[in-house]
Amino acid sequence: MAMRVGLKIWRYDSSTGDRALREYEVDAPEEATLLDVLDIVKDRVDGTLAYRKSCRMMICGSCGMRMDGGAVLACKTRMLPIVEAGHVPVISAMGNLPIVKDLVVDMSPFWSKFRAVGPWLQPGYDQPQDGREYVIAQERLNHVHKEALCINCGCCVSECNAMESDPEFLGPQALAKGFRFVGDPREGRVVERLEEYNDEHGIWQCTRCYFCNERCPKGVDPRDAIAKLGAESVKAGITRDMGAKHALWFARSAETTGWLREEELIPKTQGWVSTIKQMKFAMSLMSHGKARPVPIPHTAADVDEARKLRSLVREQGVSGAMGIVQGEHALAALGHGFEPDRDPYDREDAFPRPYLPGENGAPPTPAGGDAGMGSRTQADVTPGAEPTRKPEGGA
Amino acid sequence: MVFAGIDPIYEPVPVRPGAHYHMGGVETDSDGLTELTGLYAAGEVACVSVHGANRLGGNSLMETITFGRRAGRAAAEWALSHTTIEVPEAVERDAERELQTLLERESGERPWQIRDELGSTMLENFGVFREEQKMLRQLEIIDDLRERYENVYVEDKGEVFNSDLTQAIELGYLLDVAACMLQAGVARKESRGAHARPHDYPDRDDENFLKHSITRWVDDGPELSHKDVRMTRWQPEARTY
């Protein structure tokens, strides 16, 4: 089955500076992605169209671009629903990076920031000294699972608001990668890393617009990684930045009176000198009814609940990034509609339930079968142990 | 669960064959060095010959983690001690002329037609199960496609990120590699790993074919030779699953 797909593509040539919005219309199979359609355009309509691609399966991160103003991976974007809606999307190059040609951006600022966060494990002194592999339990790596999913496509950087105002900002991708190592139990330079990520173009530059979370095609949630770095920084006592002070004051305010004492926020975050300088602005806010002239001190009726929550967090020792990870796991369960008693295949629009290996009624698994993946024996996971052989031979 | 815009719980997944891994490649030693001094290869383009005739899932990580690292280190060491390399002027001119010819051609066949035909015929005649007759027929098809390639037309004449040009050049290499694969495939009269000939040679023949196929491009075509297999601990065994 074929469909007729329309695209408007912003063409650009950095050697001439020519820029134009061109419209294309091609036939494509119904299962076509945006990347498939671009391939058809390039092959059959206009060979001068430039875009990056490689794996076509959301692993290489080459085909980041904008569709209707927001970053997408072309290979992940299916065209059928867009065509059915009668929409002709505008395709353009990613933002925050210089355009080389058409949909191709210069990734060098991206890579230099990636490099700046030290994207490799820098082991600590508690490593096995006899040359053995440092094996850790999967559970200890689970809390950096999301950050490890990053494929360096640049979709988050494209949409980053903070980078628009501070091009030096390390940015969502590099910082998410930073947390992938800060959260790794084998990492030896955690505090040094946190110090580096707290510099003037570091974590506190983030405006928390959450566009990176929204646009990441792999579910990395870079903003959450930045929050985790913030929490770890505070936990490590790195609180010199206004951002850290701001966050600390929120917590303190909630714990003591159960409500946010905004009037004290500026002096606590920025200091008294800055506060006095901003008095004129404060007066203007008051005259427009945006701030109260005299704060009335009071304590919220249910402040005990806030305090109990806070002490529960302390008791459970889930301060720092772990607190956020725990919250994420709970939210993920809600977000996926996880209800222990409800089966996703019970939904009316669900595809027929598949057989799972070993289930009643499932076709028998072939003897010694490993679905062609090569078997994992104990020797594969236990360093130093002799590899075991399958009884029937084979690999 | 969404992949390529489809949630497999609610919708069937479109299935198509894909290139899972490229077995074989530029022959290198365990430091990534090729036959040409100073030229190193790593990753899926390289062949360190550790996988045998079929690479198992997960084992390609060795290409990056082990041999990528070794090749990178060796190449860097070589580059640090050899700052320049003399390229004969004639070689440079030949390369420039080839590019020029491609770019100056004002009409001809677009690369995608040749590429799509190459792909579909290779899948048909040199896919999972191979037969002598089909392979020989495919060799003829390749000859025909190579002839058509002589007239391939590049639409993009620009100097910035000209992927139309690079894809056309790449197509020429695809045709070369296809010819090499076919020649080695026809000569290997056995079934081993991913080279399966269930109709004419269903069994493995260690006596005649326990060896690497090495192809060099000589003059205008592939020239096949063989190299002994270095085996240490693991001996080949029958695949019984």
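What counts and how
- Per chain, residue numbering runs from 1 following the sequence as it is written.
- Throughout, the order in which chains and ligands are written sets their labels, letters from A for the former and numbers from 1 for the latter.
- Totals for whole chains, interfaces and linings use all residues, but because this is a predicted model, local features are given only for residues with pLDDT of at least 70 and pairs of side-chain atoms are given and counted only at 80 or more.
- Side-chain numbers come from the whole structure's heavy atoms, not from hydrogens or water.
- A fitted line through C-alpha atoms represents every axis, and for helices the fit uses only the stretch in contact; the resulting angles, taken between N-to-C directions, go from 0 to 180 degrees.
- Per the convention used, a helix needs a DSSP run of H or I reaching at least four residues, while a strand needs a run of E reaching at least two, with both numbered from the N terminus.
- Each angle is binned into one of four classes, with values under 35 degrees roughly parallel, values over 145 roughly antiparallel, values of 65 to 115 roughly perpendicular, and all other values oblique.
- Left-handed describes a crossing whose near helix is turned anticlockwise from the far helix through less than a right angle; right-handed describes the clockwise counterpart.
- Residues are treated as being in contact if the distance between any of their heavy atoms lies within 4.5 Å.
- We call Asp, Glu, Lys and Arg charged. Ala, Val, Leu, Ile, Met, Phe, Trp, Tyr, Cys and Pro are nonpolar, and the rest, Gly among them, are polar.
- Any pair of Phe, Tyr and Trp rings, taking the six-membered ring for Trp, is counted once the centres come within 6.5 Å. Such a pair is stacked with planes under 30 degrees apart, edge-to-face with planes over 60 apart, and tilted for the rest.
- Each residue gets one of three labels from its accessible area relative to the maximum for its type: buried under 20%, exposed over 50%, partly exposed in between, using a 1.4 Å probe on protein chains only.
- Here, a charge over a ring is recorded when the distance from Lys NZ or Arg CZ to the ring centre is within 6 Å and its angle to the ring normal is within 35 degrees.
- A patch consists of residues exposed above 30% relative accessible area that lack any salt bridge, with like charges linked at up to 9 Å and nonpolar side chains (Val, Leu, Ile, Met, Phe, Trp, Tyr) linked at up to 5 Å.
- All accessible areas in this document rest on Shrake-Rupley with a 1.4 Å probe, and a residue is counted as covered only by the protein chains that are shown.
- The rule for a salt bridge is simple: a side-chain nitrogen of Lys or Arg has to be within 4 Å of a carboxyl oxygen of Asp or Glu.
- Note on charges: Lys and Arg go in the positive column, Asp and Glu in the negative column, and His and the chain ends are not counted at all.
- The location of each charge is read from NZ of Lys, CZ of Arg, CG of Asp or CD of Glu.
- Here, a strand pair is defined by DSSP locating no fewer than two bridges between the strands.
- Here, nonpolar core means buried Ala, Val, Leu, Ile, Met, Phe, Trp, Tyr and Cys residues that are tied together by side-chain atoms lying within 4.5 Å of each other.
- Distance and chemistry together define a polar contact, namely a pair of N or O atoms within 3.5 Å, with one atom able to donate a hydrogen and the other to accept it when in protein, and with adjacent residues in sequence counting only for side-chain atoms on both sides.
- Each residue carries a pLDDT value, the predictor's own confidence for that position, ranging from 0 to 100.

The next point concerns the packing of helix 5 (residues 132-149) of chain B against helix 6 (residues 163-187) of chain B. Residue and element names in this part refer to chain B. Two numbers describe how helix 5 lies on helix 6: the axes approach to 10 Å, and their chain directions differ by 155°. As far as their axial angle goes, helix 6 and helix 5 are roughly antiparallel. The two elements helix 5 and helix 6 meet at a crossing, and its hand is left-handed. Across the interface between the two elements, Glu132, Met135, Leu136, Gln138, Leu139, Ile142, Leu145, Arg146 and Tyr149 from helix 5 touch Ala168, Ile169, Leu171, Gly172, Leu175, Asp176, Ala178, Ala179, Leu182, Gly185 and Val186 from helix 6. Here the contact of helix 5 with helix 6 is composed, by residue class, of 14 nonpolar, three polar and three charged.

Residues and elements named next belong to chain A. Under the criterion given, the structure shown has two aromatic pairs over all chains. Measuring from ring centre to ring centre gives 5.0 Å for Phe110 and Trp111, while their planes differ by 90°; the resulting arrangement is edge-to-face. By relative accessible area, which is 3% here, Phe110 ends up buried. Taking the centre distance of 5.7 Å and the plane angle of 40° together, the rings of Trp111 and Phe114 count as tilted. Pair noted here: Trp111 and Phe114 are both in helix 3 (residues 108-116), with a separation of three residues, about one helical turn. Of the residues examined, Phe114 reaches a relative accessible area of 13% and is grouped as buried. Three or more aromatic residues joined by ring pairs form one cluster here, namely Phe110, Trp111 and Phe114. When the ring centre of Phe181 is taken as reference, the NZ or CZ atom of Arg180 above it lies at 4.7 Å.

Another aspect to go through is the side chain of Thr33(A). Among the secondary structure elements, Thr33(A) is positioned in the loop between strand 2 (18-29) and helix 1 (34-45). Assessed through its relative accessible area of 6%, Thr33(A) is described here as buried.

This part is about a nonpolar patch on the surface. On the surface, a nonpolar cluster with roughly 390 Å² of combined accessible area is contributed by Trp272(A), Ile276(A) and Met279(A). Among the structural elements, Ile276(A) can be located in helix 14 (residues 272-277).

Okay, a negative patch on the surface next. Residue and element names in this part refer to chain B. A grouping of Glu140, Asp143, Asp144, Glu147, Glu150, Asp219, Asp220 and Glu223 is seen on the molecular surface, where their side chains present a negatively charged patch. If one sorts the elements of the negative patch by residue count, helix 5 sits on top with four residues. Locating Glu147 in the fold gives a position in helix 5.

Here the focus is the pairing of strand 3 (residues 64-67) of chain A. Residue and element names in this part refer to chain A. Across the two faces of strand 3 the burial is the same, with Gly64 and Arg66 and Met65 and Met67 all buried. Here strand 3 runs beside strand 4 (residues 70-73); their pairing, made up of four bridges, is antiparallel. Looking at the pairing, Met67 lines up with Gly70 of strand 4. As defined by bridge partners, strand 3 adjoins strand 5 (residues 90-92) across two bridges and the pair is classed as antiparallel. Looking at strand 5, one finds that Arg66 is bridged to Ser92.

What follows covers the nonpolar core. For soluble globular proteins, the rule of thumb is that nonpolar side chains tend to be buried together. All names here are of chain A. Judged by nonpolar contacts, the single largest core of 37 residues is most densely connected at Leu97, Phe169, Leu175, Phe179, Tyr197, Ile203 and Leu229. Discounting chain neighbours no more than four positions away, the residues touching Phe169 are Lys113, Cys160, Ala162, Met163, Leu175, His201, Gly202, Gln205 and Cys206. Counting residues in each nonpolar core, the second largest holds 33 residues, with Val5, Ala32, Leu38 and Ile151 among its members.

All names here are of chain B. With respect to the secondary-structure elements, His51 resides in the loop between strand 2 (46-47) and helix 1 (61-65). Sequence spacing of His51 and Met62 is eleven residues, and the spatial spacing of their C-alpha atoms is 9.7 Å. Setting aside anything within four residues of it in sequence, one finds His51 in contact with Tyr21, Asn59, Ser60, Met62 and Glu63. At 2.8 Å, the side chain of His51 and the side chain of Glu63 are in polar contact.

Once that is clear, we can look at the confidence of the model for chain B. Interpreting fine coordinate detail is not advised for predicted regions of low pLDDT. All names here are of chain B. For chain B, the average pLDDT comes to 91, and 98% of its residues sit at 70 or higher. Looking at the elements of chain B, mean pLDDT is at its lowest for helix 1, recorded as 86, and at its highest for helix 5, recorded as 97. Confidence estimates for the predicted assembly give a pTM of 0.83 and an ipTM of 0.88.

This brings us to the pattern of salt bridges. Throughout the structure, instances matching the rule amount to 43 salt bridges over all chains. Residues Asp39(A) and Lys53(A) are paired through a salt bridge, measuring 3.0 Å at the closest nitrogen-oxygen approach. With Asp39(A) in helix 1 and Lys53(A) in the loop between helix 1 and strand 3, this pair connects stretches of sequence that are 14 residues apart. What makes Asp39(A) buried here is its relative accessible area of 12%. Among the salt bridges present, the one from Asp200(B) reaches Arg197(B), with a minimum N-O distance of 3.0 Å.

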